[in-house]
Amino acid sequence: MHYFKLIILYLLDLIRNRIHQPKILNYLLKLDIKIAFDIGAHEGETLEYFQKIKSINKIYSFEPQIKIYKKLYEKFNSNNKIILNNLALSNNIEDKVFFINALSSTSSFSLLDETSLWLKIKNMILNEKDSIKESISLKTSTIDHYVNEHNIDKIDLLKIDTEGHEFEVLMGAQNIINKNKVKYILIELHSSKMYKNYSKIKIEEFLKINNFIILKSFKFPFHTFVDNLYEYKIPN
């Protein structure tokens, strides 16, 4: 079972690095992006290809897990275009319980739905009875607060991959979105029903109400999520 787990994780990494991320990068290269936010940076999987977008001047990276953040720091601290933040973003400023999972890339504020078929399959692949290995208390902030605190005028590309907590992160950006200062949003949407109180429809409705239209959808092969790219359009 251990070797089966390693093979599956290796194949997923291969698909991500050779197929999924290059498709996203090739599309983003066509856009005029100068300021990017990478929310849910993990070990820098997105930072790796954001660095290849020559138009980008600054990338603000956010990763709440301290052990993972230390790996990020070792990899990217010497790049003066990248601002690293060991910070959790949500819809408000408060202490919240954060769940650290066996697969660190899936750690989240979101509770897992134990009845989810996908979760059961995932635990079987990982040879885990319980995905959650630890719960900790984290102080959250919001995009609006961070932007105001650091005098950031606009965000050209807002990437959100927070494992079921995407809607809350968007809610924490309501002020800057209302001021039409977010141009593109790249967001991960789930269809696995793995997270409690998660609604893909609610995210899509939020984006529609706030005048974001879908530009491109990037489906991860053999998986249950999609990365959708949206653009803000001034209403007629």
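Calculation rules
Residues numbered from 1 in each chain as written. Predicted model: local features only at pLDDT ≥ 70, side-chain atom pairs only at ≥ 80, totals over all residues. Heavy atoms only, no water. Buried < 20%, exposed > 50% of the residue type's maximum accessible area, 1.4 Å probe, protein only. Helix = DSSP H or I, 4+ residues; strand = E, 2+ residues; numbered from the N terminus. Pairing = 2+ DSSP bridges. Contact = heavy atoms within 4.5 Å. Phe/Tyr/Trp six-rings, centres within 6.5 Å; stacked < 30°, edge-to-face > 60°. Lys NZ or Arg CZ within 6 Å of the ring centre and 35° of its normal. Salt bridge = Lys/Arg side-chain N within 4 Å of Asp/Glu carboxyl O.

Colleague: Can you lay out the pairing of strand 10 (residues 225–232) for me, pointing to particular residues and giving the numbers?
Modeller: Of all eight residues in strand 10, eight are buried, a share of seventy percent or more. Note: strand 8 (residues 182–190) against strand 10, seven bridges, orientation antiparallel. The residue of strand 10 that forms the bridge with Ile187 is Asn228. Pairing geometry for strand 9 (residues 212–219) and strand 10, over seven bridges, is antiparallel. From the neighbouring strand, Ile213 faces strand 10, where its bridge partner is Glu231.

Colleague: I'd like a rundown of the environment of Lys52, residues and numbers included.
Modeller: The topology assignment puts Lys52 in the loop between helix 2 (45–50) and strand 2 (58–62). Each C-alpha atom of the pair Lys52 and Leu29 lies 8.4 Å from the other, and the pair is 23 residues apart in sequence. Not counting the four nearest positions on each side in its chain, Lys52 is found in contact with Leu25 and Leu29.

Colleague: Any details on the packing of aromatic side chains? Residues and values, ideally.
Modeller: For the structure on display, the rule yields eleven aromatic pairs. With a centroid separation of 6.0 Å and 85 degrees between ring planes, the pair formed by Phe167 and Phe206 is classed as edge-to-face. Remark: Phe206 occurs in helix 8 (residues 200–209) and Phe167 occurs in helix 6 (residues 166–171); sequence separation between them is 39 residues. Using a relative accessible area of 16% as the deciding quantity, one classes Phe167 as buried. Overall, Phe206 belongs to the buried group, its relative accessible area being 7%. An aromatic cluster is built from Phe37, Tyr60, Phe62 and Tyr146, whose rings are joined through pairwise contacts. A cation over an aromatic ring shows up here: Lys202 above the ring of Phe167, its NZ or CZ 4.7 Å from the ring centre.

Colleague: Break down the pattern of salt bridges for me, citing the residues and quoting the values.
Modeller: The full count for this structure, using the stated rule, is eight salt bridges. For the salt bridge of Lys159 with Asp38, the shortest nitrogen-to-oxygen distance reads 2.6 Å. With Lys159 in strand 7 (residues 155–160) and Asp38 in strand 1 (residues 35–39), this residue pair connects regions lying 121 residues apart in the sequence. Taken as a pair, Lys159 and Asp38 share a single burial class, namely buried. A salt bridge links Lys96 to Glu94; the nearest nitrogen and oxygen atoms lie 3.9 Å apart.

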